[in-house]
Amino acid sequence: MDFRFTEDQITLRDSVREYLEGTHTPELLRKLDEHGNRDPQVWNGLVEMGLAGLLVPEDQGGLGMGLVEAALIAVELGRADVSEPIVDTAFVAAPWLAAKGQTDRLGDIAAGELKVALAHDVNPWIADLDQAGAVLSNGALADVASSPVVMDSVDPLRRLSARGALGGNDPLLLDLAALMSAAQLIGAADRMLALSVDYAQQREQFGQPIGSFQAVKHHAASVAVKVEFAKPVLWRAAYALQNGHARAPIHISHAKLAATDAAIFAAETAIQIHGAMGYTYEVDLHFWMKRAWALAGAWGDRTFHLKRIDDAVIGGGIDLGPDRTFASEMIHA
Amino acid sequence: MDLNYTPEQIAFRAEVRAWMEANVPKTPLKTLEGREGYDQHVEWERTLASGNWGMVTWPEAYGGRNLDLIRWLIFEEEYYRAKAPLRANQNGIFLLGPTIMEYGTDEQKARFLTPMAKGEIMWAQAWSEPNAGSDMAAIRSRAVRDGDHYVISGQKTWSSRAAFADWCFGLFRTDQDSKRHKGLSFILLPLNSPGVTVRPIRQLHGETGFAEIFFDEVRVPVENRIAGEGEGWNVAMATAGFERGLMLRSPARFQATAKRLVELYRQHAATASPAAREAVTQAWADAEAYALNTYMVASTIQAGGHIGAEASLNKIFWSELDRAMHRVSMSLLGAAAELRTNADGSLNEWLEGYIFSLSGPIYAGSNEIQRNIIAERLLGLPR
């Protein structure tokens, strides 16, 4: 029993964080917002970092890592508000294809040459379908129809299309995508707290930074509690799915629930701390706030995941109690 | 990351489980907050000590088992799984014990730790004063040096179970010209010393679980001071860190409550509201999150890391979780919630638990203070 990341995992995370801090700035977000939302340079940079092949086995051109590493990186992508379909392609489609033995396009994914969009009945939309080389729908990769119907997201950097006849109800696809949405929500929550703290340090009223007032401090501290206690839930969920634990879907729902609640709370508190500035399009906060709103509903909203937990906990599907924290019955026994 | 127990850890769990099943009292003890129940709980401390289960993380030399933190968590899980009684000696085990191990002399360790581990001496805290609560640096109780003794005068309050305990430990001002954090010393003394008066205070539930302590020129040998004269504040901060950090409230306690809460919900499912159902599910999820976080912290500490201000995150989380869980139990019980005893004459533990849970956000440093600590030390907001 050792609930820590390895030094290699920390190094990987830090290098991705550093790269995104340097390249994927709020200035870039504003530029993307004005000029079509996607920039091949951003995608190419992520591919050069090795992220497209993170979960692709080494003999197929990838790095052969697991969902714990992917979750760590997805937090960083959320922290930077990355909008390229790297998570959907590399952290959801790739492990799904590998798990199902559909390996023929994994090399293309690892090389950054194939973007995969994800279709599932749980969402009325498909993200980044218009730029995808393939769509994962009904248990297989399919070609993308020529001109998908565009839908308008509150998040200015999301590109959504109507799902149409695509979709299906694949449980592993849902679990992978919900897990990675949770990770991005955690990253967004962390960033919104950091933005709030920065603002509270700079903004002065009554002759002092507003962050010196207890009312503001306590807002920020409450967010920190919520976010910090969502993180271990996320890590355990990633570990459980990676290792085929029977409870993994429950843990993933728990992670999505905790991450959603943390991110929405962080967003509402952040706008309060920013005051009227937070209600403008001019400060950076809105990008993360809107991403949080979008991901809160994506891949099963709060009610959906609460119900999955509820069915297991109150319905009696799992053993409860202090000795059951790391119960790890296998799915594929 | 390896979230599997080793075969040795699994065998250890089985060992604890077997002992608990054989030794945990079959009928619940009376409340720890009253004299009769307190004595029953002291008896239980001695039973634990007889099995060498009193202070499992302590070195073997002082009656412990020298267990690492993961095994401590396993021990706690089995402890609460077996519905074992609350710890009458928690002030000693979790607060004073670690403090003496870190700051005490070899002689003090020998003198105080072994009787503590055997359950022979029960400890009370003596921190707060009428005008020094959240602002603990405002302490005024004096310890004036007189040869190889201190002469202590003043008043302490909110001292949990001081009406029943044998000794107390706390902070006293040894430098009478000092202000605030400076000039305080950490001193231990018997509560039956001449000049000590303990006045029990009735708590919300009606029992005298805490007390005021009056000191009227109480003579205490200098060797009862832990660490140097005037270094008491730093010692006390370390002690407070143990309290709100890892040891005081193990996750097993809340996971056990969450499990009972689910069972309570099932009994009342026909009349419960959807909101109550959601709160029960949330309670289970949050207790689980607290356990996971604790395993992460324990793993980090075990690998040589440490926690500082992060302990404040913990304290807020468990105290608000405990209150939320008991709040929903009250709503599930409906009109029966107000009854002190159940139909079979046993204590309504949900009501007792709810009342007790209201103290959680206050003791061990109020949650307002914890939020200040988080904002200033973790987030970097200005003081």
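Residues numbered from 1 in each chain as written. Chains lettered and ligands numbered in written order. Predicted model: local features only at pLDDT ≥ 70, side-chain atom pairs only at ≥ 80, totals over all residues. Heavy atoms only, no water.

Under an unreviewed UniProt entry, the name given to chain B is Acyl-CoA dehydrogenase, and the source organism is Edaphosphingomonas laterariae. The Sequence similarities (unreviewed entry) comment attached to chain B in UniProt states, word for word, "Belongs to the acyl-CoA dehydrogenase family." Comment text from UniProt for chain B, heading Cofactor (unreviewed entry), reads "FAD". (UniProt positions renumbered as here; feature names shortened; annotations may be inferred.)

In the nomenclature of an unreviewed UniProt entry, chain A corresponds to Acyl-CoA dehydrogenase, N-terminal domain from the organism Edaphosphingomonas laterariae. The Sequence similarities (unreviewed entry) field of the UniProt record for chain A holds the comment "Belongs to the acyl-CoA dehydrogenase family." Within the UniProt record for chain A, the comment given under Cofactor (unreviewed entry) is "FAD".

### Topic: the overall build of chain B
The number of helices and strands found in chain B is 11 helices and 8 strands. In summary, chain B has a C-alpha radius of gyration of 21 Å against a globular reference of 21 Å for 383 residues, a match within 12%. When its C-alpha atoms are laid out on the principal axes, chain B stretches across 70 × 50 × 45 Å. Expressed as a percentage of the 383 residues in chain B, the buried residues total 56%. (Helix = DSSP H or I, 4+ residues; strand = E, 2+ residues; numbered from the N terminus. Rg over C-alpha atoms; globule rule 2.2 N^0.38 Å. Buried < 20%, exposed > 50% of the residue type's maximum accessible area, 1.4 Å probe, protein only.)

### Things to note about the overall build of chain A
A count of helical and extended segments in chain A gives 11 helices and 8 strands. Relative to its length of 333 residues, chain A is compact, with a C-alpha radius of gyration of 20 Å against a globular reference of 20 Å. Taking the principal axes of its C-alpha atoms as reference, chain A extends roughly 65 × 50 × 40 Å. The burial tally for chain A puts 61% of its 333 residues in the buried class.

### Regarding the sheet that holds strand β6 (residues 160-162) of chain A
Residue and element names in this part refer to chain A. The sheet built from 3 strands is open, its strands ordered β2-β6-β5 with antiparallel pairing. With partners counted over all chains shown, the strands left at the sheet margins are β2 (125-127) and β5 (150-151), one partner each. Of the strand pairs in this sheet, β2 and β6 are connected by 3 bridges, and their pairing is antiparallel. Bridged to A127 within β6 is L160. (Pairing = 2+ DSSP bridges.)

### Side note on the UniProt feature "domain: Acyl-CoA dehydrogenase/oxidase C-terminal" (unreviewed entry) in chain A
The positions UniProt marks with the feature "domain: Acyl-CoA dehydrogenase/oxidase C-terminal" (unreviewed entry) are residues 174-309 of chain A. Secondary structure over residues 174-309 of chain A splits into 78% helix and 3% strand, and the C-alpha atoms at its two ends are 15 Å apart.

### Remarks on helix α1 (residues 7-23) of chain B
Residues and elements named next belong to chain B. In this model α1 runs 24 Å from its N-terminal to its C-terminal C-alpha over 17 residues, within 8% of the 24 Å that 1.5 Å per residue would give. Those residues of α1 that fall on the buried side of the exposure criterion are Q9, F12, R13, V16, W19 and M20. Burial along α1 is one-sided: seen end-on, the buried residues are contained in an arc of 135 degrees. What points out from α1, more than 90 degrees from its buried face, is the exposed set P7, I10 and A22. Tucked inside the fold, the buried residues of α1 contact α2 (35-50) and α3 (69-81). (Expected span 1.5 Å × (residues − 1). Arc of directions from axis to C-beta. Contact = heavy atoms within 4.5 Å.)

### Regarding the packing of helix α8 (residues 214-242) of chain A against helix α11 (residues 367-378) of chain B
Packed helices, taken two at a time, are described by the angle between their axes plus the distance between the axes. Direction vectors running N to C along α8(A) and α11(B) enclose 85 degrees, while the axes themselves pass 8 Å from each other. With respect to α11(B), the element α8(A) is oriented roughly perpendicular. Counting all contacts with α8(A), which are made through A:Q214, A:K217, A:H218, A:A221, A:S222, A:A224 and A:V225, the residues of α11(B) involved are B:E368, B:R371, B:N372, B:I374, B:A375 and B:E376. A breakdown of the residues in the contact of α8(A) with α11(B) according to their chemical character gives 5 nonpolar, 4 polar and 4 charged. (Axes fitted to C-alpha atoms, helices over the stretch in contact; angles between N-to-C directions. Parallel < 35°, antiparallel > 145°, perpendicular 65-115°, else oblique. Nonpolar A, V, L, I, M, F, W, Y, C, P; charged D, E, K, R; others polar.)

### Topic: the packing of helix α9 (residues 310-333) of chain B against helix α10 (residues 349-357) of chain B
All names here are of chain B. It is the contact of α9 with α10, at a shortest axis distance of 9 Å, that shows an interaxial angle of 145 degrees. α10 is crossed by α9, and the crossing has left-handed handedness. Residues S319, D322, R323, H326, R327, S329, M330 and L333 of α9 form the contact with α10, whose participating residues are W350, L351, G353, Y354 and S357. In terms of residue class, the contact of α9 with α10 is made up of 5 nonpolar, 5 polar and 3 charged. (Left-handed = near helix turned anticlockwise from the far one by under 90°.)

### Re the UniProt feature "domain: Acyl-CoA oxidase/dehydrogenase middle" (unreviewed entry) in chain B
When the UniProt feature table is mapped onto this chain, "domain: Acyl-CoA oxidase/dehydrogenase middle" (unreviewed entry) is found at residues 124-218 of chain B. Counted over residues 124-218 of chain B, helix gives 0% and strand 52%. Its end C-alpha atoms are 17 Å apart.

### Describing unusual backbone geometry
Residues and elements named next belong to chain A. Residues other than glycine seldom take positive phi values, yet N37 does so here, at roughly 75 degrees. Within the chain, W299 stands out as a residue other than glycine whose phi angle is a positive 55 degrees. For W299, the location among the structural elements is in the loop between α10 (285-297) and α11 (302-313). For W299, a relative accessible area of 4% puts it in the buried group.

### Notes on the side chain of B:N91
Residues and elements named next belong to chain B. Its location among the elements puts N91 in helix α4 (residues 90-103). A relative accessible area of 5% means that N91 is categorised as buried. Residue contacts for N91: discarding those within four places in its chain leaves L96, W123, A124, Q125, S160 and F169.

### What to know about the pairing of strand β2 (residues 142-146) of chain B
Residue and element names in this part refer to chain B. Here 5 bridges tie β2 to strand β3 (residues 149-160), and the two strands are oriented antiparallel to one another. What sits directly across from V144, in β3, is V151. Taking the residues between adjacent antiparallel strands as the criterion, β2 and β3 are bridged by 2 residues, where G147 takes a positive phi near 65 degrees.

### Considering the nonpolar core
Ranked by internal contacts, the top residues of the largest apolar core, which has 209 residues, are A:L77, A:I86, A:F91, A:M192, B:M20 and B:L188. Counting residues per element, this core draws most heavily on helix α7 (residues 171-202) of chain A, at 19 residues. Among all residues touching B:L188, those that are not within four sequence positions of it are B:L96, B:I100, B:F112, B:W123, B:W167, B:C168, B:F169, B:V220, B:N224 and B:I226. (Core = buried A, V, L, I, M, F, W, Y, C linked by side-chain atoms within 4.5 Å.)

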